[in-house]
Amino acid sequence: MKRCLRCFQNYEENKTECPWCGFQENQQLKEPQYLSAGTVLQNRYEIGAVVGAGGFGITYAAWDRVLEQRVAIKEYMPGEFSTRTPGETRVSVYGGEKEEQYKNGRDKFYEESQRDYSGDL
Ligand SMILES: [Zn+2]
């Protein structure tokens, strides 16, 4: 059995499409700045498929190991001001003026994170 990266239900090893949500393995979006599927954050959140990506952030389907339920994780990752070394979780922020812009955006992002993103999944 393997686990779907989007809905986290188990399904048969020989299938390439999830029978529960229709997610196909080859639909997995891959960009160097995305966290790779299987990355675990805070020893709790298991990153799955990227379900959305915009100029200021990336939304992932994730599995919460404590609550044992699916959650959405939105990461502040403005491509204009920051980048990531593939395979690492740490974000690098460009220096100078861009660092200031990065921080301002991050504060707004925190405020907005109070919103409920569960509808994005
Ligand atoms: Zn699925």
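A brief report on the enclosed structure follows. (Residues numbered from 1 in each chain as written. Predicted model: local features only at pLDDT ≥ 70, side-chain atom pairs only at ≥ 80, totals over all residues. Heavy atoms only, no water.)

## Here's the deal with the pattern of salt bridges
Here is step 1 of the chain: Counting across every chain of the model gives seven salt bridges.
Here is step 2 of the chain: Across the pair Glu46 and Arg65 runs a salt bridge whose closest N-O atoms are separated by 3.4 Å. Here Glu46 is found in strand β4 (residues 45-53), whereas its partner Arg65 is found in the loop between β5 (57-64) and β6 (69-76), with 19 residues between them in sequence.
Here is step 3 of the chain: We classify Arg65 as partly exposed; its relative accessible area is 40%.
Here is step 4 of the chain: Shared partners join several salt bridges into a network, and the residues in it are Arg3, Glu46 and Arg65. (Salt bridge = Lys/Arg side-chain N within 4 Å of Asp/Glu carboxyl O. Helix = DSSP H or I, 4+ residues; strand = E, 2+ residues; numbered from the N terminus. Buried < 20%, exposed > 50% of the residue type's maximum accessible area, 1.4 Å probe, protein only.)

## Here's the deal with the packing of aromatic side chains
Here is step 1 of the chain: Taken as a whole and assessed by the stated rule, the structure comprises four aromatic pairs.
Here is step 2 of the chain: When the centroid spacing of 6.5 Å and the interplanar angle of 55° are considered together, the rings of Phe56 and Phe81 count as tilted. Taken together, the residues span a long stretch of sequence, with Phe56 in the loop between β4 and β5 and Phe81 in the loop between β6 and β7 (82-84) at a distance of 25 residues.
Here is step 3 of the chain: When the ring of Tyr76 is compared with that of Phe109, the centres are 5.2 Å apart and the planes differ by 40°; the resulting orientation is tilted. Placement of Tyr76 in strand β6 and of Phe109 in helix α1 (residues 97-112) is noted, with a sequence separation of 33 residues between them.
Here is step 4 of the chain: What makes Tyr76 buried here is its relative accessible area of 8%.
Here is step 5 of the chain: Joined through ring pairs, the aromatic side chains of Tyr76, Tyr102 and Phe109 make up one cluster. (Phe/Tyr/Trp six-rings, centres within 6.5 Å; stacked < 30°, edge-to-face > 60°.)

## Examining the side chain of Lys2
Here is step 1 of the chain: Topologically, Lys2 is positioned in strand β1 (residues 2-3).
Here is step 2 of the chain: In terms of polar contacts, Lys2 uses its side chain to reach the backbone carbonyl oxygen of Lys15, at 2.7 Å.
Here is step 3 of the chain: In this structure the side chain of Lys2 is engaged in a polar contact, spanning 2.5 Å, whose partner is the side chain of Glu25.
Here is step 4 of the chain: Other than its neighbours up to four places away in sequence, Lys2 contacts Gln9, Asn10, Tyr11, Glu12, Glu13, Lys15 and Glu25. (Polar contact = N/O pair within 3.5 Å; in protein donor to acceptor, adjacent residues only side chain to side chain. Contact = heavy atoms within 4.5 Å.)

## Observations regarding the sheet that holds strand β3 (residues 40-41)
Here is step 1 of the chain: Taken in spatial order, the four strands make up an open sheet running β3-β4-β5-β6, and their pairing is antiparallel. Either end of the sheet is taken by a strand with one partner, and the two such strands are β3 and β6.
Here is step 2 of the chain: Pairing of β3 with β4, which is carried by two bridges, proceeds in the antiparallel orientation. If you follow Leu41 over to β4, its bridge partner there is Tyr45. (Pairing = 2+ DSSP bridges.)

## A word on the pairing of β5
Here is step 1 of the chain: Here β5 lies mainly inside the structure; seven of its eight residues are buried.
Here is step 2 of the chain: Where β4 lies against β5, six bridges are found, and the strand directions are antiparallel. Paired with Glu46 across the strands is Trp63, a residue of β5.
Here is step 3 of the chain: From the end of β4 to the start of β5, which pair antiparallel, there are three residues.

## Overview of the coordination of the zinc ion
Think of it this way: four donors in a tetrahedron around the metal ideally sit 109.5 degrees apart, and six in an octahedron ideally sit 90 or 180 degrees apart.
Here is step 1 of the chain: Taken together, Cys4 (SG), Cys7 (SG), Cys18 (SG) and Cys21 (SG) make up the full set of protein donors to the zinc ion, lying 2.3 Å away.
Here is step 2 of the chain: When the donors of the zinc ion are listed by position in the chain, the intervening gaps give C-x2-C-x10-C-x2-C. Here Cys7 is found in the loop between β1 and β2 (10-11), whereas its partner Cys21 is found in the loop between β2 and β3, with 14 residues between them in sequence. (Donors = N, O, S within 2.8 Å, 3.2 Å for Na, K, Ca; no water.)

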